[in-house]
Every structure is written in structure tokens, then in C-alpha cells.
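A look at the structure
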Amino acid sequence: MGDTPVGLDQFVFTFLNAEVAALYWRDIARGMGVTALLSAAVVAAGLALGLALAVLRSLQVRALGWAVIAFADILRALPPLVIIIVFFFAFPFIDLSMSAFTATWLALTLVLAAYAEESIWAGILALPPGQTEAARSTGLSWWQTTLSVILPQALRLAVPPLTNRIISVTKNTALGSVVALSEILNVSQSATSNAGNPTPLMLGAGAYLLLFIPVVLFARWLETRWQWKR
Amino acid sequence: MDALIQNFFNLAIYREVFPFLLRGLWTTIWLSLLVIPIGLVSGLALALLGTQTRHRWLRFAVAVYIDFFRSFPPLVLLILIYFGAPFLGLDLPKLAAVAIGFMLNNSSYFSEVFRAGIESVPGGQMEAARSTGLTRWQALRHVIVPQATRNVLPDLVGNGIEVIKLTTIASVVALPELLRVARDAQSLVYNPSPIVLAALMYLALLWPLVRWLSRLEHRSRALR
């Protein structure tokens, strides 16, 4: 390619080529749909599972507690890309084949659940024990106490760490490209090699900004709004 | 059960590939030891710039930089740099592409942590330090930054762990770190045991750090 770089014209022709863009923008828009769908599915399932695990841990059954801690530790210690690759490339050998979407979704869901459990559990621990005692003394059952007194407060405390985690885990959907999931990055990479021109990659980068800048700004807003007033 | 042992925990294959994977692990470790300090230093510099400057536009520019790179998946950044550079006529070595990508991404994360730390130090500290005759720079260096760092130590450690895990994306540009080496070994022996072994090695490297982080977090909550 370019022997002597680079005038502005040359740059535009290479990186922002309108003809190439016209050819591939539909593919990238479809990739955006996959990324958005995958992110939403990961966030919904991951938060639900994390919440369930935190409640399980607060049952104060020792074996359950250890199991939850081990799960959270392992899923926080393993790199997400390694988990995705194990699910996609290793599990078929023991007759557990899954699609690229399922492998990526499952891996990221488990990772988010581990972090969510830790954040929510930290929120539960931060509440004074008097909260439970007072609630129980009014005649509420353990479940009622957990659901209507403890969790609402604990979740509020967990919002800032959770928003950060959600941002990072949804960005990790790009890791799906490694197992050929046709999300933004994968689509724009193959378009780039088909076209012999990096414009699709630039479009892909733009698609990520379009998708995630609102999320980052929303998280900033949520953090200031939901800040715990001490 | 046999299939599981044969394919995931095949000791013969473990023995065969272990030396290669160990070399990959070293690469992962020194790569981390390269990119984490770069991220820390550039992040601290950004945080100081963003919190200490009197110029509104500079503050704004720092915030834009941080949000921009927080919105960008690191893998996308790396691929953009690595596969985009040749089109600019640049022949960028893999390691340089990885280091640049990590610096752009990590500096924004670390600077957010440092910013929170600096803001957690009461304003009276700076005033008191200045009134003893320290210059503004001396006060930052000897009074504000040490306290700020201590206040956000768990977040710094947490970020460091994330960076170590993130070095796996260097496998995508064929930098021979642990994951890459394991995948190459897998295709040679046509058996996924090397990947599982690599996962176990990541666990051995990172689990102690995760435990340490939990203790740090617990202690800092207790202090509050």
C-alpha cells in the first residue's frame, strides 16, 4: 500500500471511502443489532443471576456461601476471552457444542453475575444489622425483610460499581469476534479484508461510539443521581 | 467422564505442552509489567491535568478523552491500530500496537480512579500544605497524591487485575502470550487440553490477586 504517505485526500480515500462505506454499511448496521441484542441479553441475565446468588449467600448456609464465593472468585479471575474460547472450542469435544452467540452470551453472563453478586453482597454488608432486626421485629418474615427492606437499599449502594461493570462487560461483546460471531467488530473486519480498505473498520469504530457513548453518559448521570447521601 | 479427562485434563498432553505454555505465561507477565505502569503513570498525569488545571477547555478535553476511550472496546482499539497502521504507511510491530492500545485504554480507566482519589482528599490538605511553604507541585507530590492513592488502592488493584486479564486480547494480533500459545498448541495436538491448562494457569496467577483485592475492599469498607 501507500508508498509515500499521506495527503488529506489520500487519508480520506483510505479511511473514509464513501464507495466502500456505501457497499458495507448495511452489514455493519446488522452487526450493531447483534451487539445490542447480545449486550441486552447479557445484562438482563447477568444481573438476575448475580442478584439470585447474593440472596443465596445471605441465607447464611455455609456450604452455599462457599459455593457462591468460589463461583465469584473463579469467574472474576479468568479472562473473559479464555472463557469464551473454552466454551466455543473446547466444549464441543465433550459433546457440548454451542453457537458463537450462545458461547459469548453464556461466558459474559457468568462474568457479569460474579461481579454483580460481589457488588450487591457488599451493599448488603454495608447496611447496619439493625435494619434486619427492626424489620423482623415488626413481624416481617425473612423473605419479606430481604425483598422489601434489605435489597432495595443494598441495590442502591451497588449502583456505581454495577454501572461500571455493565459498561465493561457489554464492551466485551467485541470478544465474540474471536469465535466469528457476526457482531460489529467481526463484520467490519471481514468487510475490511474483502474491500482491501479500512473504511469498514472506521465505520465499526463509529458504530461502537454510537452505541456506547450514550451508555457511558447515562452511567455518569445515574451515578451522580443515585449517589448515597450520607 | 472418560471423554472429559481425555479432552480437558489429558496429563500426557499437559506434560508435552507445559514448557510452551510456561513461556507464554512469562510473556503474559512481562507484558502486564510493561503496560500497567504505563497506564498508571499516564492515568495519574491525566487525572492531575483534569483536576488541577485552571483552563476550563483543558478540563473539558480531558473529560472527552476519557469518555471516548471508555466507550471503545479495547479489542476494537487494538485492531484499529494494528490493521489500520499499514494503510498509513506505518509498519507497527505487534508489541508497539499492543502498548499503544493499552495506553489509550488504560490511561482513561486509571485516570478515573485517580480523579476519585484526588477528590476524596479534603481541600484543607492543600491549603495547609501550601501554608507551610510547599509549592503547589510539592504539595501535590508529597501530600495530596499519596493520600489519594491510599484512598483508592482497592480500585487501582482491581484495575490492574483487569489489565492482566485484558492481555489475552494480544492473542488476536498473534503476540505469543499464554492464550495464543495455548491455542496454537491446541491446533497442533487437536485436543483442547492446552486451553484448559492455560485457564488453570490464569487461575493460578490471578486467583491470589482476586483474594487480595477482596481483603483490601473489605478493609477499606471497614475503615469508612
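Here's the deal with the overall build of chain B
- Each helix and strand counted, chain B has ten helices and zero strands in total.
- Mapped from its N terminus to its C terminus, chain B presents α and β elements in the order α-α-α-α-α-α-α-α-α-α.
- Referenced to the eigenvectors of the C-alpha coordinate spread, the extents of chain B come out at roughly 70 × 50 × 25 Å.
- Considering only contacts in chain B between residues 6 or more positions apart, those separated by 24 or more positions represent 76%.

Quick notes on the overall build of chain A
- Of the regular secondary structure elements, chain A holds nine helices and zero strands.
- Counted from the first residue to the last, chain A has its helices and strands arranged as α-α-α-α-α-α-α-α-α.
- Relative to the globule expectation of 17 Å for 230 residues, the C-alpha radius of gyration of chain A, 22 Å, shows a markedly less compact shape.
- Taking the principal axes of the C-alpha coordinates as reference, chain A spans close to 80 × 50 × 25 Å.

A look at the environment of A:Met202
All names here are of chain A.
- Its place among the elements puts Met 202 in helix α9 (residues 199-225).
- Among the residues examined, Met 202 registers 20 C-beta atoms within 10 Å and is labelled buried.
- Put simply, Met 202 and Gln 189 are 13 residues apart on the chain and 10.0 Å apart in space, counted from C-alpha to C-alpha.
- Once residues within four sequence positions are removed from consideration, Met 202 is found in contact with Phe 15 and Leu 16.

Considering the interface of chain A and chain B
- With 40 residues of chain A at the interface, the matching set in chain B holds 37 residues.
- Listing elements by their share of the side of chain A that touches chain B, those giving two or more residues are α1 (8-15), α3 (62-77), α4 (80-90), α5 (100-126), α7 (142-171), α8 (184-195) and α9 of chain A.
- Take the side of chain A that touches chain B: its biggest share by element is eight residues, from α9(A).
- Here the side of chain A that touches chain B is composed, by residue class, of 31 nonpolar, six polar and three charged.

Focus on the confidence of the model for chain B
- Per-residue pLDDT for chain B averages 92, and the proportion of residues at 70 or more is 99%.
- Scored as a complex, the prediction yields pTM 0.90 and ipTM 0.90.

Points about α4(A)
- With nine of eleven residues buried, α4(A) lies mostly within the body of the structure.
- Listing the buried residues of α4(A) in full gives A:Pro80, A:Leu81, A:Val82, A:Ile83, A:Ile84, A:Ile85, A:Phe87, A:Phe88 and A:Ala90.

So, the environment of A:Thr163
Residue and element names in this part refer to chain A.
- Positionally, Thr 163 belongs in helix α7.
- On a C-alpha basis, the gap between Thr 163 and Ala 44 in space is 13 Å, while along the polypeptide they are 119 residues apart.
- Excluding residues within four positions of it along the chain, Thr 163 makes contact with Ala 219, Leu 222 and Glu 223.

Regarding the nonpolar core
- The biggest cluster of nonpolar side chains holds 117 residues, and the ones touching the most others in it are A:Ile84, A:Val111, B:Val76 and B:Ala198.
- At 15 residues, α5(A) tops the list of elements feeding residues into this core.
- Not counting residues within four places of it along the chain, the set of residues in contact with A:Val111 comprises A:Leu75, A:Pro80, A:Ile83 and A:Val169.

Examining the confidence of the model for chain A
- Across chain A, pLDDT averages 89, with 95% of residues at or above 70.
- The element-level mean pLDDT for chain A is lowest in α1(A), coming to 78, with α4(A) highest at 96.

Concerning unusual backbone geometry
- One non-glycine residue with positive phi stands out, namely A:Gln60, at about 65°.
- Locating A:Gln60 in the fold gives a position in the loop between α2 (18-57) and α3.
- For B:Tyr190, which is not a glycine, the phi torsion comes out positive at approximately 45°.
- Along the chain, the position of B:Tyr190 falls in the loop between α9 (178-189) and α10 (193-223).

Structural notes on the environment of A:Val216
- By secondary structure assignment, the location of A:Val216 is in helix α9.
- On the basis of neighbour counts, which here come to 20 C-beta atoms within 10 Å, the residue A:Val216 falls in the buried class.
- Separated by 52 residues in the primary sequence, A:Val216 and A:Asn164 place their C-alpha atoms 8.6 Å from one another.
- Apart from the residues within four sequence positions on either side, A:Val216 is in contact with A:Ile167, B:Asp67, B:Arg70 and B:Ser71.

Side note on the packing of α7(A) against α9(A)
All names here are of chain A.
- Contact geometry for α7 and α9: axes closest at 9 Å, N-to-C directions at 170°. In terms of axis orientation, α7 runs roughly antiparallel to α9. Where α7 approaches α9, its residues Val 159, Pro 160, Thr 163, Ile 167 and Lys 171 are matched on the opposing element by Phe 212, Val 215, Val 216, Ala 219, Leu 222 and Glu 223.
- A breakdown of the residues in the contact of α7 with α9 according to their chemical character gives eight nonpolar, one polar and two charged.

Observations concerning the packing of α8(A) against α9(A)
Residue and element names in this part refer to chain A.
- Their axes nearest at 7 Å, the elements α8 and α9 cross at an angle of 165°. The orientation of α8 relative to α9 falls into the category roughly antiparallel. Read as a crossing pair, α8 and α9 show a hand that is right-handed. Seen from α8, the contacting residues are Ile 184, Leu 185, Ser 188, Gln 189, Ala 191, Thr 192 and Ala 195; seen from α9, they are Thr 199, Pro 200, Leu 201, Leu 203, Gly 204, Ala 207 and Tyr 208.
- Counted by class, the contact of α8 with α9 contains nine nonpolar, five polar and no charged residues.

Procedures and definitions
- Residues numbered from 1 in each chain as written.
- Chains lettered and ligands numbered in written order.
- Predicted model: local features only at pLDDT ≥ 70, side-chain atom pairs only at ≥ 80, totals over all residues.
- Helix = DSSP H or I, 4+ residues; strand = E, 2+ residues; numbered from the N terminus.
- Contact = placed C-beta atoms within 7 Å.
- Rg over C-alpha atoms; globule rule 2.2 N^0.38 Å.
- Buried ≥ 20, exposed ≤ 12 C-beta atoms within 10 Å, placed from the backbone.
- Nonpolar A, V, L, I, M, F, W, Y, C, P; charged D, E, K, R; others polar.
- pLDDT = per-residue confidence, 0-100.
- Core = buried A, V, L, I, M, F, W, Y, C linked by C-beta atoms within 7 Å.
- Axes fitted to C-alpha atoms, helices over the stretch in contact; angles between N-to-C directions.
- Parallel < 35°, antiparallel > 145°, perpendicular 65-115°, else oblique.
- Left-handed = near helix turned anticlockwise from the far one by under 90°.

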